[in-house]
Amino acid sequence: MVTRYDNCDLSGRNTFRMKVKCALFVEVTAEEDLPVLDWDALPQPVLVMGGGSNLLFTKDFPGTVLHMAICHSERSEESRSEESVTCGAGVVFDDFCAWAASEGLWGPENLSLIPGEVGASAVQNIGAYGVEAKDIISGIRAWDRQEACFVDIDPADCAYGYRTSKFKTEWKGRFVITAVTYRLSRTPQPRLDYGGVREALEESGKVPVPGTCPPPDMGRGRGLFPKGMGGAGTERSEVEFPGTGTLSLAPGDIRDAIIGIRQAKLPAVEELGSAGSFFCNPVVSREHFERIVATAREDNGPDYQVPHYEVGDGIKVPAAWMIEQCGFKGARNGGAQVYQNQPLVIVNASGTASPQDIIGLENQVIQAIAQKYGITLHPEVEHV
Ligand code: EPU
């Protein structure tokens, strides 16, 4: 079904709560709606939108916003240890995560509570706590606007990288994702090495007894996903914690820990408008990193340790740390504010912040960091 709204208010459809309009808002609920859509007759340009959780509307949008509200899910058993689940592009990504955990399936638990929908997970390669969407995506179905046909895209061809893919670069505007297939495992594969995950599990004080882990809340996804297919059931992972002993972990335990970390650090988009991390974490050369260390030690003393991660082509320095060092925690510009608990996030603190308030604060942060550390931060949030 295709639903159209002219001159549509988008403030309830972007998590930053920007009060902007688009010329036309179109919602489709089935893949079959796409070939019959008269694309040339739509106000241009056409912007395909998921949950609106990674966008900053900088002004009224002159074209068409197309929301893929395709919300089905199918499950298929690949082997005794693997399963595939295909979700429509409009399925809320965290509903899928909740369902996987409740079924004892391993794969997306570290990605719990990321706002947004399934389609965006494949465009943006969403990631958190050491896992990225590309690690579990096994197939993508899309409408090819150029060739006017449906295609099945191999994720190996998508050039996935840190929060990027060909859907954001050379394929921009060409494919409309209708469904994503995720590969899930019954065999335990806990990923606990990202800072804070082990500690959160240990601190939760929950030492689950095998077989008694309560299923997580299924949230809005209740009923959307087919229940068990009589597989091998939840396999727990026995993980050694130096202070606590052995914990027997199910995917739901890791999901709960991740939700706890996120809720402590990140604003709930229902309460405070934001688009999650506003900037990408930059990667610098070793020489550049040494200069950052020297600056940090001038500011904080000779033994100060700069947080960083070695990555393939350099050293990743958390933008949150630089923003904090530049004194921006809690800084305001009109209704916009750098979030106190996680300064990588800019929030619509007043609820009525304008795009200019957000962009003004963005520019202040970029300038201060360029001046102090010689790094140009790039926004992670797409500006429209
Ligand atoms: N840090 C500070 N001060 C702070 C907060 C953080 O110095 O107030 C430093 C700490 O050293 C900390 C480091 O920054 O160890 C990293 O912080 P965090 O673990 O919160 O992660 P991040 O790099 O700031 C990224 C993602 C988040 C994701 C987390 C966890 C990006 C742009 N952001 O943030 O993703 O949840 O890692 O994996 O890569 C999102 O994309 O919207 C998002 C929230």
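Residues numbered from 1 in each chain as written. Predicted model: local features only at pLDDT ≥ 70, side-chain atom pairs only at ≥ 80, totals over all residues. Heavy atoms only, no water.

**Concerning the overall build of the protein**
And step 1. Counting its secondary structure elements, the protein contains 8 helices and 22 strands.
And step 2. Taking 384 residues into account, the globule formula puts the C-alpha radius of gyration at 21 Å, and the protein, at 22 Å, falls close to it.
And step 3. For the C-alpha atoms alone, the extent of the protein along its principal axes is close to 65 × 55 × 35 Å.
And step 4. Across the protein, every contact between residues at least 6 apart in sequence was considered, and the portion connecting residues at least 24 apart equals 67%.
And step 5. If you sum the accessible surface of the protein, you get close to 17,000 Å²; carbon and sulfur atoms cover 49% of it. (Helix = DSSP H or I, 4+ residues; strand = E, 2+ residues; numbered from the N terminus. Rg over C-alpha atoms; globule rule 2.2 N^0.38 Å. Contact = heavy atoms within 4.5 Å. Areas by Shrake-Rupley, 256 points an atom, 1.4 Å probe, with all protein chains shown as cover.)

**Remarks on the pairing of strand β2 (residues 21–28)**
And step 1. Counting buried residues along β2, 6 of its 8 residues qualify, which places the element largely inside the surrounding structure.
And step 2. Where strand β1 (residues 2–9) lies against β2, 7 bridges are found, and the strand directions are antiparallel. Each bridged residue has a counterpart across the sheet, and for D9 the counterpart in β2 is K21.
And step 3. Taken together, the 6 bridges between β2 and strand β5 (residues 61–68) define a ladder with parallel strand orientation. Bridge pairing links F25 to V65 in β5. (Buried < 20%, exposed > 50% of the residue type's maximum accessible area, 1.4 Å probe, protein only. Pairing = 2+ DSSP bridges.)

**Thoughts on the pattern of salt bridges**
And step 1. For the structure on display, the rule yields 19 salt bridges.
And step 2. Here E83 ties to R75 by a salt bridge, and the two come within 2.5 Å at their closest N and O atoms.
And step 3. For E83, a relative accessible area of 1% corresponds to the buried category.
And step 4. A relative accessible area of 14% means that R75 is categorised as buried.
And step 5. Ionic pairing is found between R163 and E380, a salt bridge with its closest N-O pair at 3.0 Å. Remark: E380 occurs in the loop between α8 (355–373) and β22 (382–383) and R163 occurs in the loop between β11 (149–153) and β12 (175–185); sequence separation between them is 217 residues. Each member of the pair, R163 as well as E380, is classed as buried.
And step 6. Three or more residues joined by partner-sharing salt bridges are found here, namely R75, E83, E103 and R186. (Salt bridge = Lys/Arg side-chain N within 4 Å of Asp/Glu carboxyl O.)

**Overview of the site of the ligand**
And step 1. With respect to spatial proximity, 22 residues lie near the ligand, and among them Y129, Y162, N281, E324 and Q342 are the closest.
And step 2. Contacts to the ligand include S277, whose backbone N or O atom sits 2.8 Å from an oxygen atom.
And step 3. E380 places a side-chain nitrogen or oxygen 3.4 Å from an oxygen atom of the ligand.
And step 4. Considered on its own, the ligand offers 830 Å² of accessible surface; in the complex 83% of this is hidden by protein.
And step 5. For the shell around the ligand, the secondary-structure elements that each account for two or more residues are α5 (251–265), β15 (273–277) and α7 (319–325).
And step 6. In terms of residue class, the shell around the ligand is built from 12 nonpolar, 4 polar and 6 charged.
And step 7. Among the domains, domain 2 (73–265) and domain 3 (273–383) are the pair contributing at least three residues each to the shell around the ligand. (Near = heavy atom within 4 Å. Polar contact = N/O pair within 3.5 Å; in protein donor to acceptor, adjacent residues only side chain to side chain. Nonpolar A, V, L, I, M, F, W, Y, C, P; charged D, E, K, R; others polar. Domains from an automatic or database assignment.)

**Some thoughts on the sheet that holds β5**
And step 1. Overall, mixed pairing links the 4 strands, which are arranged β1-β2-β5-β3 in an open sheet. Single-partner strands in this sheet number two, and they are β1 and β3 (46–49). In this sheet, neighbouring strand axes are inclined to one another by 25° on average, regardless of whether the strands run parallel or antiparallel. (Axes fitted to C-alpha atoms, helices over the stretch in contact; angles between N-to-C directions.)

**Brief notes about α5**
And step 1. Along its 15 residues, α5 runs 21 Å from first to last C-alpha, staying within 8% of the 21 Å computed at 1.5 Å per residue.
And step 2. On its buried side, α5 packs onto α2 (93–102), β8 (127–128), α4 (197–203) and β14 (245–249). (Expected span 1.5 Å × (residues − 1).)

**Observations concerning the confidence of the model for the protein**
And step 1. In this model, the protein carries an average pLDDT of 92, and 93% of its residues clear a pLDDT of 70 or more.
And step 2. Every residue in residues 207–222 scores below 50 in pLDDT, and together they form 31 contacts with partners more than four places removed in sequence or on other chains. (pLDDT = per-residue confidence, 0-100.)

**As for the nonpolar core**
And step 1. Judged by nonpolar contacts, the single largest core of 47 residues is most densely connected at F96, I140, I153, F167 and Y182.
And step 2. With 46 residues, the next largest nonpolar core counts V65, A353, L377 and V384 among its residues. (Core = buried A, V, L, I, M, F, W, Y, C linked by side-chain atoms within 4.5 Å.)

**Some points on the sheet that holds strand β17 (residues 309–311)**
And step 1. Pairing is antiparallel across the open sheet formed by 3 strands, whose spatial order is β16-β18-β17. A strand with exactly one partner marks an edge of an open sheet, and here the two such strands are β16 (283–284) and β17.
And step 2. Here β17 runs beside strand β18 (residues 314–316); their pairing, made up of 3 bridges, is antiparallel. Each residue of the ladder has a partner; that of E310, found in β18, is I315.

**Side note on the domain arrangement of the protein**
Interfaces are often sized by the amount of accessible area the parts lose when they come together.
And step 1. What the domain assignment lists for the protein is domain 1 (2–68), domain 2 (73–265) and domain 3 (273–383).
And step 2. If you average the C-alpha positions of domain 1 and of domain 2, the two centres end up 27 Å apart.
And step 3. Counting from both sides, the interface comprises 12 residues of domain 1 and, opposite them, 13 residues of domain 2.
And step 4. Carbon and sulfur atoms supply 61% of the area buried between domain 1 and domain 2, which totals about 1,100 Å² over both sides.
And step 5. Three residues, E31, W39 and M68, lead the burial of domain 1 against domain 2; their summed loss comes to 44% of the area buried on that side.
And step 6. Along the contact surface separating domain 1 from domain 2 lie 1 salt bridge.
And step 7. Elements with a minimum of two residues in the side of domain 1 that touches domain 2: α1 (33–36), β3 and β5.
And step 8. Class assignment of the residues belonging to the side of domain 1 that touches domain 2 gives a composition of 6 nonpolar, 5 polar and 1 charged. (Buried area = accessible area lost by both parts, 1.4 Å probe.)

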